[in-house]
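What follows is the residue order along each chain.
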Amino acid sequence: QVQLVESGGGLVQPGGSLRLSCAASGRIFGIYAMGWYRQAPGKQRELVAVITSAGTITYTESVKGRFTISRDNAKSTVYLQLNSLKPEDTAVYYCSADVDRRALLTGAADYWGQGTQVTVSS
């Protein structure tokens, strides 16, 4: 089992920044691909970014150049740096984990956190 706990969400003005963290406990963190998803009110959950155990990164088009995913295996933590935030980035952000990158890319990851709210508003 892997437990995931997100933190770092909050209210920020348009153009602002936040840094989300996802701390993992349980099995060996380094073997897992990690991902961030988000779900806005009334919308389906969508992929934001994925980082594999080897460091290969995938972003959804709408966040390229603004968001950065990274991981610290020594701390069993994955991060999502959110810059140049827009009101349309408002959503609950979820951390996910799976040994298979394809499962993360398709939303079928084995493990999910409870989510952290990000609200972008003036």
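Here the structure is a predicted model, which is why all the values come from computation and not from measurement. (Residues numbered from 1 in each chain as written. Predicted model: local features only at pLDDT ≥ 70, side-chain atom pairs only at ≥ 80, totals over all residues. Heavy atoms only, no water.)

Enquirer: How would you sum up the side chain of Arg-66? Please name residues and give values.
Expert: Of note, Arg-66 is situated in the loop between β6 (57-59) and β7 (67-72). There is a polar contact of 2.7 Å between the side chain of Arg-66 and the side chain of Asp-89. For Arg-66, the residues in contact, after removing those within four places along its chain, are Gln-81, Leu-82, Asn-83, Ser-84, Leu-85, Lys-86 and Asp-89. (Helix = DSSP H or I, 4+ residues; strand = E, 2+ residues; numbered from the N terminus. Polar contact = N/O pair within 3.5 Å; in protein donor to acceptor, adjacent residues only side chain to side chain. Contact = heavy atoms within 4.5 Å.)

Enquirer: With reference to specific residues and values, describe the pattern of salt bridges.
Expert: Applying the stated criterion across every chain, the model contains five salt bridges. Note that Asp-89 is salt-bridged to Arg-38, the shortest N-O span being 2.9 Å. Residue Asp-89 is found in the loop between β8 (77-82) and β9 (91-98), and its partner Arg-38 is found in strand β4 (residues 33-39); the two are separated by 51 residues along the sequence. Each member of the pair, Asp-89 together with Arg-38, is buried. Between Lys-64 and Glu-61 there is a salt bridge, with the nearest N and O atoms lying 3.1 Å from each other. Exposure remark for Lys-64: the relative accessible area of 45% places this residue in the partly exposed category. For Glu-61, a relative accessible area of 60% translates into the label exposed. (Salt bridge = Lys/Arg side-chain N within 4 Å of Asp/Glu carboxyl O. Buried < 20%, exposed > 50% of the residue type's maximum accessible area, 1.4 Å probe, protein only.)

Enquirer: Give a detailed account of the state of the cysteines, specifying residues and quantitative values.
Expert: Counted according to the given criterion, the structure contains one disulfide. Linked covalently through their sulfurs, Cys-22 and Cys-95 form a disulfide whose S-S length is 2.1 Å. Looking down the S-S bond of the Cys-22 and Cys-95 bridge, the torsion is -80°, so its handedness is left-handed. On the criterion of sequence distance, the pair formed by Cys-22 in strand β3 (residues 18-26) and Cys-95 in strand β9 is long-range, its members being 73 residues apart. A relative accessible area of 0% means that Cys-95 is categorised as buried. (Disulfide = S-S within 2.5 Å.)

Enquirer: Kindly report on the nonpolar core, identifying the contributing residues and their values.
Expert: Among the nonpolar cores identified, the biggest contains 29 residues, and Leu-4, Met-34, Trp-36, Leu-80 and Tyr-93 are the most heavily contacted of them. Those elements that provide at least two residues to this core are β1 (2-7), β3, β4, β5 (46-51), β7, β8, β9 and β11 (116-120). Within the second largest apolar cluster, six residues are counted, among which are Ala-33, Leu-47, Leu-104 and Ala-109. (Core = buried A, V, L, I, M, F, W, Y, C linked by side-chain atoms within 4.5 Å.)

Enquirer: So what's going on with the environment of Ile-57? Which residues, and what values?
Expert: Mapped onto the elements of the fold, Ile-57 is located in strand β6. In this structure, the C-alpha to C-alpha distance between Ile-57 and Thr-68, residues 11 residues apart in sequence, is 9.3 Å. Those residues within four positions of Ile-57 in sequence are excluded, and the remaining contacts are Val-50, Ile-51 and Ile-69.

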